[in-house]
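Chain residues, written in single-letter form:
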Amino acid sequence: MSIIRKDSIIYRVVSGTHKGKDCVIRAQSPEDRPDFIGIIFTSKGENLREIVYVRIGALAALETPGWEDAFPYVKPCCLENHGRIGDWSNGLRDAFVSQPSVVRKGDVLASGEIIVEAPRRGHNSSVLIHLNETGWVEVASRLPLALKGNRKFRFPINLRTGDRLVTVCLVVKQPTSSEVNWTDVCLNGHCIEIPSCLPLALL
C-alpha cells in the first residue's frame, strides 16, 4: 500500500513509438479516443509541457514514484535557526523532529515506522518518503514529522483546534477525513491533505 497522489506516479511507455520513455499522466482521455490518455515525458531533453496521447495499455506504473533530484538546496537546521532564517533553503531537523525533505534513511518515526530510503520529489514540490510498512507516502514539504523519542505528537485525525505544530502552524479547525488514508487539516487558514499515518510534532 502507498499513500500518494496519481500526479506523482511515474509510468514507463512499454510499447509503440515512445517505448522506454518515462512519463506522468496530465490529461484525461479525449471523448473521441477513450482508450488514450495524455502524458508528459519526464526525461531530460524532452519538452516537459507538451502533452502526448498514448494508449492507456501502453503504460506501466514504476515501483518507485517521483523524481530522484529531491531537495539538494534544502539544508538541515535546528529549530532556533529554522525560525530565524524562515526561508525555503532550510529544513527543520533535530533529535526528535524532521521535516520530510531532510529525513534520512534509517530514521524512525514516533509511530515506529522506519524510513527506508532517501526522500524523493513529488508533484508540486511535495515530498515522497518510503516507510517500511506503509510504503511510499506523499506529504507537504514543511510539515514537522515526529521522530522516535518525541512524546509530543498527534496523528492528523487526532489534532485539535488550537494545537500548534513545532513549526508554529496553528490548527484552526477540527480535522476531517473524507477519504481513506488522508486527513484534511486546516493550518493557519490553509487546508491541506495529510496521510493519516504520519505523526506530526507539536509545540
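Residues numbered from 1 in each chain as written. Predicted model: local features only at pLDDT ≥ 70, side-chain atom pairs only at ≥ 80, totals over all residues. Heavy atoms only, no water.

*Asks:* Go over the overall build of the chain, please, and point to the residues and values.
*Replies:* Along the chain, the regular secondary structure elements total one helix and 17 strands. Relative to its 203 residues, the chain shows a buried fraction of 42%. Across the chain, the fraction of contacts at a sequence separation of at least 24, relative to all contacts at a separation of at least 6, is 50%. When the accessible surface of the chain is summed, it comes to about 10900 Å², and 51% of that surface belongs to carbon and sulfur atoms. (Helix = DSSP H or I, 4+ residues; strand = E, 2+ residues; numbered from the N terminus. Buried < 20%, exposed > 50% of the residue type's maximum accessible area, 1.4 Å probe, protein only. Contact = heavy atoms within 4.5 Å. Areas by Shrake-Rupley, 256 points an atom, 1.4 Å probe, with all protein chains shown as cover.)

*Asks:* Residues and numbers for the nonpolar core, please.
*Replies:* Counting residues in hydrophobic clusters, the biggest one holds 23 residues, and the most contacted among them are Ile129, Leu131 and Leu198. Counting residues per element, the ones that place at least two in this core are strand S10 (127-131), strand S11 (135-139) and strand S15 (182-187). Tyr11, Cys23, Val52 and Val54 belong to the second largest nonpolar core, which has nine residues in total. (Core = buried A, V, L, I, M, F, W, Y, C linked by side-chain atoms within 4.5 Å.)

*Asks:* Please set out the sheet that holds strand S4 (residues 52-55) residue by residue, giving values where relevant.
*Replies:* Taken together, five strands build an open sheet; the order of strands is S4-S3-S2-S1-S5 and the sheet is antiparallel. A strand with exactly one partner marks an edge of an open sheet, and here the two such strands are S4 and strand S5 (59-61). Taken over all neighbouring pairs, the strand axes of this sheet differ in orientation by 55° on average, direction set aside. The sheet contact formed by strand S2 (residues 22-27) and strand S3 (residues 36-41) spans four bridges and is antiparallel. Across the sheet, residue Cys23 finds its bridge partner in S3, namely Phe41. (Pairing = 2+ DSSP bridges. Axes fitted to C-alpha atoms, helices over the stretch in contact; angles between N-to-C directions.)

*Asks:* Tell me what's going on with the sheet that holds S11, and back it up with residues and numbers.
*Replies:* Read from one edge to the other, the open sheet built from three strands follows the order S9-S10-S11, with strand pairing classed as antiparallel. Only two strands of the sheet have a single neighbouring strand rather than two, namely strand S9 (115-121) and S11. Recorded for the sheet is a direction-independent mean angle of 20° between the axes of neighbouring strands. As paired strands, S9 and S10 are joined by four bridges and run antiparallel to one another. Bridge pairing in S10 places Arg121 opposite Val127.

*Asks:* Outline the environment of Asp163, supporting the account with residue identities and numerical values.
*Replies:* Mapped onto the elements, Asp163 comes out in the loop between strand S13 (153-154) and strand S14 (171-179). Taking the C-alpha atoms as reference points, Asp163 and Leu187, 24 residues apart in sequence, are found 9.6 Å from one another. Leaving out residues up to four positions away in the same chain, Asp163 has contacts with Arg154, Cys169, Leu170, Val171 and Leu202. Looking at Asp163, its side chain comes within polar contact range of the side chain of Arg154, at 2.8 Å. Within the structure, Asp163 has its side chain in polar contact with the backbone nitrogen of Arg160 (distance 2.8 Å). (Polar contact = N/O pair within 3.5 Å; in protein donor to acceptor, adjacent residues only side chain to side chain.)

*Asks:* Account for the state of the cysteines, with residues named and values stated.
*Replies:* Taken as a whole, this structure holds one disulfide when the rule is applied. In this model Cys186 forms its disulfide with Cys191; the gap between the sulfur atoms is 1.8 Å. For the disulfide bridge between Cys186 and Cys191, the dihedral angle about the S-S bond is near 75°, and by the sign convention the bridge is right-handed. (Disulfide = S-S within 2.5 Å.)

*Asks:* Break down the packing of aromatic side chains for me, citing the residues and quoting the values.
*Replies:* Between two aromatic rings, the relevant description is the distance of the centres plus the angle of the planes. What the rule picks out here adds up to one aromatic pair. Taking NZ or CZ as reference, Lys21 lies 4.8 Å from the ring centre of Phe41, over its face. Sitting over the face of the ring of Phe36, Arg33 holds its NZ or CZ atom 4.0 Å from the ring centroid. (Phe/Tyr/Trp six-rings, centres within 6.5 Å; stacked < 30°, edge-to-face > 60°. Lys NZ or Arg CZ within 6 Å of the ring centre and 35° of its normal.)

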